[in-house]
Amino acid sequence: MAAKTARSKATPTKENGVRVEEGLSLFKSDKFDADAYVQSKCSINEKDIKQLCSYLLDLKRASAEEMRRSVYANYPAFIRTSKEISDLEGELSSIRNLLSTQATLIHGLADGVKIDDDKVSDESLATGLLNFEDNDLSDLEKWAAEFPDHLDALLAERRVDEALAAFDEGEILVSQANEKQKLGLSVLSSLQFAISERKQKLADQLAKAACQPSTRGGELRSAIAALKRLGDGPRAHTVLLDAHFQRYQYNMQSLRPSSTSYGGAYTAALSQLVFSAISQASSDSLGIFGKEPAYSSELVTWATKQTEAFSLLVKRHALASSAAAGGLRAAAECAQIALGHCSLLEARGLSLCPVLLKHFKPIVEQALEANLKRIEENTAAMAAADDWVLTYPPAGSRHASTAFQNKLTSSAHRFNLMVQDFFEDVGPLLSMQLGSKALEGLFRVFNSYVDVLIRALPGSIEEEEANFEGSCNKIVQMAETEANQLALLANASLLADELLPRAAMKLSLDQTGHRTDDLRRPSDRQNRNPEQREWKRRLLSTVDKLKDAFCRQHALDLIFTEEGDSHLSADMYINIDGNGEDVDWFPSLIFQELFAKLNRMASLAADMFVGRERFATSLLMRLTETVILWLSGDQSFWDDIEEGPRPLGPLGLRQLYLDMKFVVCFASQGRYLSRNLHRGTNEIISKALAAFTATGMDPYSELPEDDWFNDICVDAMERLSGKTKGNNGEVNSPTASVSAQSVSSARSHGSY
């Protein structure tokens, strides 16, 4: 079994080796061209390289943000462990000193050193000082007896530098006396105790002085440096941070927020105090303690704690009230001021902005949502009284004097004005990474406004009440005329295609940190921002909902009567062959009405969609497609044609063919002939030809020549539109002959 397994593992290894050898044969060839090989493998173009660079930069930012969150999440545990290690090191040092003292004592006893107890008085033992008779004391012993008094004098006079020098001198002499055994063990122990006691006294004096609000910066640094020289670095660093905390807390006593005060002013004053204190503490820590990790970690923890406390104060006294009232500008400005001061600390290695964002972001998001809700409600209220007549911006509005004047109805003007103001407010949100959220929120608001426009279409109320929960309670002024209904589309298309994307460009920053030039065309600037291109695409897809509802309503108005009967039934073609009367060949009434409706709409759209003729063309195209595709998919119509009691006769086939040719002709003349329309008319004619063929007759023998159909279509368009003929008797249309040729070509192949 083991052997089998070994063989099974060896075989793939050998095969892999062969494949690798074959892959390397290219590089062993004498004709190998390194440059050509690299070019063949690197077929990426400049656009792909830019996209790759953008993706890598986004990945880098996301990685940095994730690392920051991980570091801040683990900092408390790291600092706690560091402090425990520091305490353990102190205890080990004490044990080491104790063991050293014990070893010295044992060594002295072993050498026969004797202490004359009679020469040591009870008083000297109590005070830790040794008193000898002058004639029995050496110079060193005299110095040891006088040294504690000298230290007391220096401490009483607060001569710190001299005291530190004296401590250093005393420790050196004690160390030398201990090595050379020039002092007795009792004298040495008493002297060491006296020095340690006075060191502690000086440390307490320095710590107390450092934490006084009146202590100046230079005095504070000198006190901390002296405390560090005393050998207690951790305490010195903690005292330094506490001193800066006490100082800015004292300065904050004069800063009292009130309900009438400006939130931005309070935030600016408070952030100036807090972050200046953090900056000074960082500078002092680096200058006195250097970059030692334990002190740097304590500084970061302390700075994070102060930033947390600051963010809570700003949130309570400035942000909360603004957010509750929907004051996005005030809330964003407060957050931007605080983040601006905080970001200055990044040069010192303190990245505290994530701490602020953790507290500020939810509050600003609340203000953002409240602002968007206000836009939605105000626009809906305006739509309830909108007369759906296009006008220029009101003379007193802020945008009336701009270069971008466009005709909109009153509710759309209100919507546009509020959106422009909205984007003026959200500029600071970029630093809080809320630009995408602002775009998404505005998309929801625009989608809601489009729903309002859909409900303004006559005949859509019942359907909208069924499809949109809660919308039935919103009153909307009906758009009764075709002009009013086209105005709905003018509102949505202009907002989605130009006004909203232009306003959203305020969220885009170029690489230098400045906003893009507003004078450029929106399409040029949007090419630089894939996110906004996708946002604009979604806006336009929302407009398609309104366009579909518009076309569906007008198609149904053409096809059905108010009683529900159909104007487009199979009987209108089947009965032609049975009435026994001469037929006056002309397009059917429903297609005459479709042609007239499209002409009216084209005339209205020419004034309403100036500069956006493509949208108007696509609207007419969609309406024509809706009617034709409905006929193509009406199963009851084709059941009657194909399986009804009476078959489709030659005259009925001719009329149906004429109607389809008429649709293609006027669609081509109006330049809204689409592939879908071609496909729909082809399918209808193919079904009709197949149904007629099933009766045993040849459809092509019953259909007149192409010129016959062309003449009738041209004459119908002339009579229905009131246009005059040219010298050759044809309607003056550059596309009419082309449409006729296309119909003729399709019929000759039997597929039209």
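Think of each chain on its own: its residues are numbered from 1, step by step along the sequence as written. Local features in a predicted model are, by the rule used here, given only for residues with pLDDT of at least 70; side-chain atom pairs are given and counted only at 80 or more, and totals for whole chains, interfaces and linings are based on all residues. Only hydrogens and water are set aside when side-chain values are computed; all heavy atoms of the structure are taken into account.

**Some thoughts on the overall build of the protein**
- Runs of E in the DSSP output that reach at least two residues are strands. Runs of H or I that reach at least four are helices, and both are numbered from the N terminus. Of the regular secondary structure elements, the protein holds 28 helices and zero strands.
- Whether a residue is buried, partly exposed or exposed follows from its accessible area with a 1.4 Å probe, protein chains only, as a fraction of its type maximum: under 20%, in between, or over 50%, in that order. Split into buried and exposed, the 752 residues of the protein put 40% on the buried side.
- Note on areas: Shrake-Rupley with a 1.4 Å probe; residue coverage comes only from the protein chains shown. Total accessible area on the protein stands at roughly 40600 Å², and carbon and sulfur atoms take up 52% of it.

**Structural notes on the pattern of salt bridges**
- Should a side-chain nitrogen of Lys or Arg be within 4 Å of a carboxyl oxygen of Asp or Glu, the pair is scored as a salt bridge. Within the structure shown, the criterion is met by 15 salt bridges.
- In this structure, D284 engages R221 in a salt bridge whose closest nitrogen and oxygen atoms are separated by 3.2 Å. Of this pair, D284 sits in helix α10 (residues 263-289) while R221 sits in helix α8 (residues 217-229), and the two are 63 residues apart along the sequence.
- The class of D284 is buried, set by a relative accessible area of 3%.
- Here R444 and E369 are joined by a salt bridge, their closest N and O atoms 2.9 Å apart. In this pair, R444 is assigned in helix α15 (residues 435-455) and E369 in helix α13 (residues 353-383), connecting sequence segments 75 residues apart.
- We classify R444 as partly exposed; its relative accessible area is 40%.
- Exposure remark for E369: the relative accessible area of 29% places this residue in the partly exposed category.
- Through salt bridges with shared partners, one network takes in E482, K597 and R600.

**Focus on helix α23 (residues 635-643)**
- The complete set of buried residues in α23 reads F637, W638 and I641. Taken around the axis of α23, the buried residues stretch over an arc of 85°, which confines them to a single face.
- Looking at the buried positions of α23, the neighbouring elements they touch are α20 (571-574), α22 (613-633), α24 (650-669) and α25 (675-693). The reported arc concerns the directions from the helix axis to the C-beta atoms and nothing else. The criterion used for residue contact is that any of the two residues' heavy atoms lie within 4.5 Å.

**Some details on the confidence of the model for the protein**
- Residue-level confidence of the predictor is what pLDDT reports, using numbers from 0 through 100. When the pLDDT values of the protein are averaged, the result is 77; 75% of them are 70 or greater.
- Residue range residues 113-137 is modelled with pLDDT below 50. Its contacts to residues more than four positions away, or to other chains, number 23 contacts.
- Confidence drops under a pLDDT of 50 for residues 468-472, and excluding neighbours within four residues, the segment shows four contacts in the predicted structure.

**Side note on α25**
- End to end, α25 covers 26 Å across 19 residues, agreeing with the expected 27 Å (1.5 Å per residue, within 8%).
- Buried-residue contacts for α25 involve α22, α23, α24 and α26 (699-702). Multiply 1.5 Å by the residue count of a helix minus one, and that product is the helix's expected span.

**Here's the deal with the packing of aromatic side chains**
- Only Phe, Tyr and Trp rings take part, Trp by its six-membered ring, and two of them pair if their centres are within 6.5 Å. Stacked means planes under 30 degrees apart, edge-to-face means over 60, and tilted covers everything else. Applying the stated criterion across every chain yields a total of 16 aromatic pairs.
- For the ring pair F637 and W638, a centre distance of 5.1 Å and an interplane angle of 85° mean the geometry is edge-to-face.
- Using a relative accessible area of 2% as the deciding quantity, one classes F637 as buried.
- Looking at W638, the relative accessible area reads 2%, which means it is buried.
- Ring pairs connect the aromatic residues W585, Y657, W708 and F709, which therefore count as one cluster.
- Two thresholds decide whether a charge sits over a ring: the Lys NZ or Arg CZ must be within 6 Å of the ring centre and within 35 degrees of the ring normal. Above the ring of F443, the side-chain terminus of R538 is found at 4.0 Å from the ring centroid.

**A word on a negative patch on the surface**
- Each patch is built from residues that are more than 30% exposed by relative accessible area and take part in no salt bridge. Like charges join if they lie within 9 Å; nonpolar side chains (Val, Leu, Ile, Met, Phe, Trp, Tyr) join within 5 Å. Just so you know, the count uses Lys and Arg for positive and Asp and Glu for negative, and it drops His and the chain ends. One atom stands in for each charge, and that atom is NZ of Lys, CZ of Arg, CG of Asp or CD of Glu. Together, D571, D639, D640, E642 and E643 line one region of the surface with negative charge.
- Of all the elements, α23 adds the most residues to the negative patch, at four residues.
- With respect to the secondary-structure elements, D640 resides in helix α23.
- Judged by its relative accessible area of 38%, D640 falls in the partly exposed class.

**A look at the nonpolar core**
- By convention a nonpolar core is built from buried Ala, Val, Leu, Ile, Met, Phe, Trp, Tyr and Cys residues, the set being connected through side-chain atoms within 4.5 Å. Core analysis: the biggest nonpolar cluster contains 144 residues, and F591 and F666 have the highest contact counts within it.
- The leading source of residues in this core is helix α17 (residues 482-504), at 13 residues.
- Residues in contact with F591, not counting those within four places in the same chain, are L568, Y573, I628, L631, D659, M660, F662, V663 and F666.
- Within the second largest apolar cluster, 30 residues are counted, among which are L154, L155, L164 and V239.

**Digging into unusual backbone geometry**
- The residue W388 is not glycine, and still its phi comes out positive at about 55°.
- The phi dihedral of R671 is positive, around 65°, even though this residue is not glycine.
- Along the chain, the position of R671 falls in the loop between α24 and α25.
- According to the relative accessible area criterion, R671 is exposed, its value standing at 57%.

**Re the packing of α10 against helix α12 (residues 328-343)**
- Their axes nearest at 9 Å, the elements α10 and α12 cross at an angle of 15°. Judged by the inter-axis angle, α10 sits roughly parallel to α12. The handedness of the crossing between α10 and α12 comes out as right-handed. For the pair α10 and α12, the contacting residues are G263, G264, T267, A268, S271, Q272 and F275 in the first and C334, I337, A338, H341 and C342 in the second.
- Residues of the contact of α10 with α12, tallied by class, amount to six nonpolar, six polar and no charged. Note on geometry: axes are C-alpha line fits, over the in-contact stretch for helices, and angles between N-to-C directions span 0 to 180 degrees. In these notes the angle categories are as follows: under 35 degrees is roughly parallel, over 145 is roughly antiparallel, 65 to 115 is roughly perpendicular, and the rest is oblique. Take the far helix as your reference; a near helix turned counterclockwise from it by less than a right angle gives a left-handed crossing, and one turned clockwise gives a right-handed crossing. Side-chain classes follow a simple rule in which Ala, Val, Leu, Ile, Met, Phe, Trp, Tyr, Cys and Pro form the nonpolar group, Asp, Glu, Lys and Arg form the charged group, and the remainder, Gly included, forms the polar group.

**Section: the packing of α24 against α25**
- Viewed as axis vectors pointing N to C, α24 and α25 meet at an angle of 170°, and their least axial separation amounts to 10 Å. The angle between α24 and α25 falls in the class roughly antiparallel. Facing P650, L653, L656, Y657, M660, V663, V664 and A667 of α24, the residues of α25 in contact are L677, H678, T681, I684, I685, A688, L689 and F692.
- Across the contact of α24 with α25, the residue classes break down as 14 nonpolar, two polar and no charged.

**Topic: the environment of R216**
- Looking at where R216 falls in the secondary structure, it is placed in the loop between α7 (185-210) and α8.
- Look at R216 and you get exposed, because its relative accessible area is 64%.

**Some details on the state of the cysteines**
- By convention in this document, the label disulfide applies to cysteine sulfur atom pairs within 2.5 Å. In the structure shown here, the tally under the stated rule is zero disulfides.
- Lacking any disulfide linkage, C665 is separated from the closest cysteine sulfur, that of C713, by 4.2 Å.

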